[in-house]
Amino acid sequence: MPVEYPIKRLSCDEFDAFESTIDTEYFGVVSAKVILKKACLSIQRQDELLDFLTNFEFITITNIANDPSNNHWLGKRTKAFLADVNIQFGKKATFTEEKTDDLIMMSDNFAGSDQIVNIAETSFKYSRFLNDPYLPLDKARQIYGDIAKNSFKKTGRFFATITRAETIAGFLLFSINASNSTSTIELVAIDQNHKGRGIGRSLIRSLESYVHGKGVAEIRVGTQLNNIDAFKFYTTCGFKVRECNSIYHYWPSRS
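Below, the structure is looked at part by part. (Residues numbered from 1 in each chain as written. Predicted model: local features only at pLDDT ≥ 70, side-chain atom pairs only at ≥ 80, totals over all residues. Heavy atoms only, no water.)

Attention shifts here to the overall build of the protein chain. When you go through the protein chain residue by residue, the secondary structure sums to 7 helices and 11 strands. Its C-alpha atoms give the protein chain a radius of gyration of 20 Å, near enough to 18 Å, the size a compact globule of 255 residues would have. Considered along the principal axes of its C-alpha atoms, the protein chain spans approximately 65 × 35 × 35 Å. Within the protein chain, residue pairs in contact and separated by at least 24 positions form 74% of the contacts whose partners lie at least 6 positions apart. Entry remark: accessible area of the protein chain is about 13200 Å², with carbon and sulfur atoms responsible for 50%. (Helix = DSSP H or I, 4+ residues; strand = E, 2+ residues; numbered from the N terminus. Rg over C-alpha atoms; globule rule 2.2 N^0.38 Å. Contact = heavy atoms within 4.5 Å. Areas by Shrake-Rupley, 256 points an atom, 1.4 Å probe, with all protein chains shown as cover.)

Structure, rendered in structure tokens:
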């Protein structure tokens, strides 16, 4: 029988493991997340973690820096499967004077837009959620639209939008962490009818100037390794690879 933990969290030097109420509510399965911060070589530590995870149905495991020893023991001791290889980019935030005829708006606590939800739902072809045959396909397909929708009317959730002919042609969702002087891009999406027209680059340049004015030193963003177009886009915009993380999905009862 699984051990009942009064607190849904287990932490040590090697990892952090905790209940993920967001995934639980969204996918309808009791979920958890694990961050493998460094090599977890101790069999005792591995046993403690795996025992804790029997309390959950669906677990996302992030292996920071793609540590090979963690990849090895996960493959040997579990049926966790690789769902994503996430590339983390970084770029120094500097001021650039953006010259464009587009109407670019920066909004905190954004009221919302059906156009943005539609762009988000139709723009993303790569997702670790779509790579998991055990997750509800309808939920996996609409997750980015729901992320955008759930960010409306939220303080600290910023939208940058470009409007052409009174229509939103593209948007960028980001946040600012004042404690470590960083801004994280969460979503960038361009309407299908406006791709290839420099909208993405305009959004990045406008974001850069905006957060630089708020004292942000670095902009961060992540994308999937197999998303070649996004990889090229960010490098063209001056981003440098900072980190590569492997992400596993684990369903203990299906092992």
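As summarised here, the arrangement of the 11 strands in space is 1-2-3-4-11-5-10-9-8-7-6, forming an open sheet in which the pairing is mixed. Each edge of the sheet is formed by a strand with only one pairing partner; in this case those strands are strand 1 (9–11) and strand 6 (103–108). Sheet twist, expressed as the average angle between the axes of neighbouring strands with direction ignored, equals 20°. On the sheet, helix 2 (residues 43–53) packs against strand 1, strand 2 (15–19), strand 3 (31–36), strand 4 (58–63) and strand 11 (240–250) and is oriented at approximately 10° with respect to strand 2. Across the sheet, helix 4 (residues 114–123) touches strand 7 (158–164), strand 8 (167–177) and strand 9 (182–190), and the angle it forms with strand 8 is around 85°. (Pairing = 2+ DSSP bridges. Axes fitted to C-alpha atoms, helices over the stretch in contact; angles between N-to-C directions.)

End to end, helix 5 (residues 137–150) covers 19 Å across 14 residues, agreeing with the expected 20 Å (1.5 Å per residue, within 8%). The largest bend along helix 5 measures about 55° and falls at I143. When we look at burial in helix 5, the residues that qualify are A140, I143, Y144, G145, D146 and A148. (Expected span 1.5 Å × (residues − 1). Bend = angle between axes of the 7 residues up to and from the residue. Buried < 20%, exposed > 50% of the residue type's maximum accessible area, 1.4 Å probe, protein only.)

Our focus in this paragraph is the packing of helix 4 against helix 5. At their nearest, the axes of helix 4 and helix 5 sit 7 Å apart, and the two run at 150° to each other. One way to sum up the angle between helix 4 and helix 5 is to call them roughly antiparallel. Crossing angle aside, the handedness with which helix 4 passes helix 5 is right-handed. Of the residues in helix 5, those touching helix 4 at I116, V117, A120 and E121 are R141, Q142, Y144, G145, A148 and K149. Across the contact of helix 4 with helix 5, the residue classes tally to 5 nonpolar, 2 polar and 3 charged. (Parallel < 35°, antiparallel > 145°, perpendicular 65-115°, else oblique. Left-handed = near helix turned anticlockwise from the far one by under 90°. Nonpolar A, V, L, I, M, F, W, Y, C, P; charged D, E, K, R; others polar.)

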